[in-house]
Amino acid sequence: MANEACIVGIGETKYCRGEGSGMSQLALQLSACSAALADAGLKARQIDGIMPFPNLGSAEGFAANLGCENLRFAATINMGGAAPVASLQAAGAAVKAGAADYVLVPAGWNGYSGRRAAQTLSEQVSSIPGGAIARDFYFPYGLTSPPQWYALMARRHMHLYGTTAEQLGAIALAMRKHAQLNPNAVMNGKDMSLDDYMASPMITDPYRLFDCCLETDGAAAMIVTTAERARDLAGSPVRILGVAAGQPYPADEITNRKDIFMTGLTIAAPQAFKKAGLKPSDMDFAQIYDCFTFEVLQQLEETGFCERGEGGAFVEDGRIELGGALPVNTHGGLLSEAHVLGMNHIVEAVRQLRGECGARQVKDAEVGVVTGWGDFGDGSIAILGTA
Amino acid sequence: MSNSDYKKPLPALEGLTQEFYGFCREGELRFQRCASCQAWRHVPREMCAQCGSMDWSWEASSGRGKLFTWTVAARPLHAAFADDAPYAPAVVELDEGVRLVTEIVNCKPVDLEIDAPVEVIFDAVTPEITLPKFRRTGL
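Below: a short report on this structure. Numbering of residues starts from 1 in every chain and runs along the sequence as written. Working convention: letters from A go to chains and numbers from 1 go to ligands, in the order in which they are written. In keeping with the predicted nature of the model, local features appear solely for residues at pLDDT of at least 70, side-chain atom pairs appear and are counted solely at 80 or more, and the whole-chain, interface and lining totals rest on all residues. In computing side-chain properties, one takes all heavy atoms of the structure into account and sets aside hydrogens as well as water.

The subject of this paragraph is the overall build of chain A. Under the scheme used here, helices are H or I runs from DSSP no shorter than 4 residues and strands are E runs no shorter than 2 residues, and both carry numbers assigned from the N terminus. Helix and strand counts for chain A stand at 14 helices and eleven strands. When we talk radius of gyration, it's over C-alpha atoms, and the globule rule is simply 2.2 Å times the number of residues to the 0.38. Against the compact-globule benchmark of 21 Å for 387 residues, chain A has a radius of gyration of 19 Å, which places it among compact chains. Viewed in the frame of its principal axes, chain A has a C-alpha envelope of about 55 × 45 × 40 Å. Looking at chain A residue by residue over its 387 residues, the buried ones come to 65%. Taking as baseline every contact in chain A between residues at least 6 positions apart, the subset at least 24 positions apart corresponds to 75%. Using a 1.4 Å probe, the Shrake-Rupley method yields the accessible areas, and only the shown protein chains count as cover for residues. With the model as given, the accessible surface of chain A reaches about 12800 Å², and the carbon-plus-sulfur share is 49%. Burial classes follow relative accessibility: with a 1.4 Å probe on protein chains only, a residue under 20% of its type's maximum area counts as buried, one over 50% as exposed, and anything between as partly exposed. Pairs of residues are marked as contacts when any of their non-hydrogen atoms sit within 4.5 Å.

Further remarks concern the overall build of chain B. Along its length, chain B carries one helix and eight strands. Going residue by residue from the N terminus, the α and β elements of chain B occur as α-β-β-β-β-β-β-β-β. For chain B, buried positions account for 47% of its 139 residues. Nonlocal contacts in chain B, meaning residues at least 24 apart in sequence, comprise 54% of its contacts between residues at least 6 apart. Split by element, the accessible area of chain B, about 6700 Å² in all, is 46% carbon and sulfur. Counted as positive: Lys and Arg. Counted as negative: Asp and Glu, with His and the chain ends omitted from the count. Charged groups are reduced to one reference atom each: NZ for lysine, CZ for arginine, CG for aspartic acid, CD for glutamic acid. Across chain B, the 15 positively charged side chains and the 20 negatively charged ones have centroids separated by 4 Å.

What follows concerns the packing of helix 10 (residues 264-276) of chain A against helix 11 (residues 293-303) of chain A. To characterise two packed helices, one gives the angle between the axes of the helices and the distance between these axes. Residues and elements named next belong to chain A. Axis lines are fitted to C-alpha atoms, over the contacting stretch for helices. Their N-to-C directions set the angle, which ranges from 0 to 180 degrees. Direction vectors running N to C along helix 10 and helix 11 enclose 50 degrees, while the axes themselves pass 8 Å from each other. Taken together, the axes of helix 10 and helix 11 are oblique relative to one another. Between helix 10 and helix 11 the crossing geometry is right-handed. Contacts between helix 10 and helix 11 pair Leu265, Thr266, Ala269 and Phe273 from the former with Gln299, Glu302 and Thr303 from the latter. Looking at the contact of helix 10 with helix 11 residue by residue, the classes come out as three nonpolar, three polar and one charged. Angles are sorted into four bins: roughly parallel if under 35 degrees, roughly antiparallel if over 145, roughly perpendicular if 65 to 115, and oblique for all others. Should the near helix be turned anticlockwise from the far one by less than a right angle, the crossing is termed left-handed; should it be turned clockwise, right-handed. Under this grouping Gly is polar, as are all residues other than the nonpolar Ala, Val, Leu, Ile, Met, Phe, Trp, Tyr, Cys and Pro and the charged Asp, Glu, Lys and Arg.

A separate point is the pairing of strand 6 (residues 99-103) of chain B. Along strand 6 of chain B, four of the five residues are buried, which leaves the element largely enclosed by surrounding structure. Paired strands, as defined in this entry, are two strands with at least two bridges between them according to DSSP. The hairpin turn running from strand 5 (residues 89-94) of chain B into strand 6 of chain B, its antiparallel successor, is four residues long, and Gly97(B) in that turn takes a positive phi close to 105 degrees.

For the rest of this paragraph, the subject is the interface of chain B and chain A. Facing the 38 residues of chain B at the interface are 35 residues of chain A. With both chains or domains summed, chain B and chain A bury close to 3200 Å², and 58% of this area falls on carbon and sulfur atoms. Taken as a group, Leu77(B), Arg99(B) and Val101(B) account for 21% of the area that chain B buries against chain A, more than any other trio of residues on that side. Any carboxyl oxygen of Asp or Glu within 4 Å of a side-chain nitrogen of Lys or Arg constitutes a salt bridge here. Put simply, chain B and chain A have one salt bridge between them. As used here, buried area is the combined drop in accessible area, with a 1.4 Å probe, of two parts when they are placed together.

So, about the nonpolar core. All names here are of chain A. Each nonpolar core is a collection of buried residues, namely Ala, Val, Leu, Ile, Met, Phe, Trp, Tyr and Cys, held together in the definition by side-chain atoms within 4.5 Å. Membership of the largest hydrophobic core comes to 98 residues, with the highest contact counts inside it found for Tyr138, Trp149 and Leu300. Top element by residues in this core is helix 6 (residues 146-161). It accounts for seven residues. Excluding anything up to four places from it in sequence, Trp149 contacts Leu121, Ile128, Tyr138, Phe139, Leu143, Thr144, Ile254 and Phe376. Among the nonpolar cores identified, the runner-up in size contains 47 residues, and Val224, Val340, Ile346 and Ala365 belong to it.

All names here are of chain A. With twelve residues, helix 14 (residues 343-354) extends 17 Å between its outermost C-alpha atoms, agreeing within 8% with the 16 Å of an ideal straight helix rising 1.5 Å per residue. The element helix 14 is largely enclosed, with a buried count of ten among its twelve residues. Here helix 14 has its buried residues at Met343, Asn344, His345, Ile346, Val347, Glu348, Ala349, Val350, Gln352 and Leu353. Helices are assigned an expected span. That span is 1.5 Å times one less than the residue count.

Here we take up the pairing of strand 11 (residues 378-386) of chain A. Burial of strand 11 of chain A is extensive: eight of the nine residues sit out of reach of the surface. Count of turn residues in the strand 10 (residues 367-374) of chain A/strand 11 of chain A antiparallel hairpin: three residues, of which Asp375(A) carries a positive phi of about 50 degrees.

In this section: the state of the cysteines. Residues and elements named next belong to chain A. What counts as a disulfide here is a pair of cysteine sulfur atoms lying within 2.5 Å. Here the structure, examined in full by the defined rule, presents zero disulfides over all chains. Lacking any disulfide linkage, Cys16 is separated from the closest cysteine sulfur, that of Cys213, by 16 Å. Free of any disulfide, Cys306 has its nearest cysteine sulfur in Cys291, 17 Å distant. A relative accessible area of 11% places Cys306 in the buried class.

Quick look at the sheet that holds strand 4 (residues 64-70) of chain B now. Hydrogen bonds between backbone atoms are what pair the strands of a sheet, whose relative direction is either parallel or antiparallel. In space, the five strands of this open sheet follow the order 6-5-4-7-8 (chain B), with antiparallel pairing throughout. Edge positions in the open sheet fall to strand 6 and strand 8 (130-136) of chain B, since each of these has one partner strand only. Mean inter-strand twist for the sheet, computed between neighbouring axes without regard to direction, equals 50 degrees. Summarising the sheet, strand 5 of chain B and strand 6 of chain B pair through five bridges and their orientation is antiparallel. Its bridge partner lying in strand 6 of chain B, Val91(B) is registered against Val101(B). Sheet contacts for helix 6 of chain A: strand 4 and strand 5 of chain B; angle to strand 4 of chain B, the most-contacted strand, approximately 100 degrees. Across the sheet, helix 1 (residues 15-25) of chain B lies against strand 6, strand 7 (117-124) and strand 8 of chain B, angled at about 60 degrees from strand 8 of chain B, the strand it touches most.

Here it is in structure tokens:
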């Protein structure tokens, strides 16, 4: 316990579209970092580790702006949207090993007012591990973007297991419903019905517009330290009970996997639950990286909340809504709060465990899970608990 | 439709990728096959992940297989495909067991069916690059 890693600070900016953040991506992330420092009650010079999101800034740049004069640990986990939760593992290991005392993990972008989120990977595909393969073997056929890559899995799942559009819609609707209880959610005040969902334009079959995450401006950040140091801080630390990351095989090519539904989470989830000494049914909530609706369903299966092929039935009847057996993405997720690269899922998990979620609070939440998904199915998972 | 106005993304002709597309330009679909354990593989790799051998050769594929999965891109997410939508990027599983991303040419997106039989055709999109595509058979 004394040598356990904890999250002791969280911060986020306003999430928006419209005119955008009006700030550079770095300034936006620095605002979230300042908020996390204030939340933790730490001074910037106490931060001696920084883990930036891939391609969204250097540790050196963050340190120079914030005034982190004692930086000694700098690393980036190259797993796309799985990076923030995977960084939780690396940051925890760093503080436990004494490589750093306090590690700051920022993420954020102008995914609406800057280069649109949907364009980022198609214009920058060489930045991901499978980039050259995508360029040489996917792009010539117009398979140029994450929803198209993942739709291949969704279509096959629908064929094999009878998963329906209405079931994917139930995921979109749950996120939208939760966003109505979150003033910072971009979709707050914008109700959605199943008819609205079904009528939304097809983007890449089976994904309609409302199966796809938002494009937004915004940033969030967290600070990790040991339980021992956390005791000297004013706030309530959130314990990292178990954390793991994993890669599908092969991770750099999405079509030649022996098991097409296997993701990094398939490997990571059992490890995280084992470390925590807990099982999926113990979770009070789940913040699941929801780049697209089917990826939520797939991750629920691969995390072990249900069997392979049962995800469609699992998400029906309000089971993943607040008040259901497993509330998923209580903040509205990437689908209805904002696309903050999954860092907003960690922020929400911490708030739930601190009991700070107001109208969307999961009653007596003591333990919950947060996942990350990136690139061609890299996965990460953390099981977090109250102090 | 070989012409110099072709604006869609093309593979970089380097290393093993250049060899793969070089065969396509000759009208041959070939994949790497391990000389030691006979395992087929795609995309091109230096080494056999089944047995660790670095001995292999380019072996001719039957060119026949079945539709493994697809998506219908209704809204192009890359400017070069703006005029093509809706189009259907697909994954074909060859009889040899390897899968590749391709396009089904003689079939409307709405008629795509998982496990439908397909066979390779070659589309010379530029003087340098020929893309293997597939047509549905038995229609």
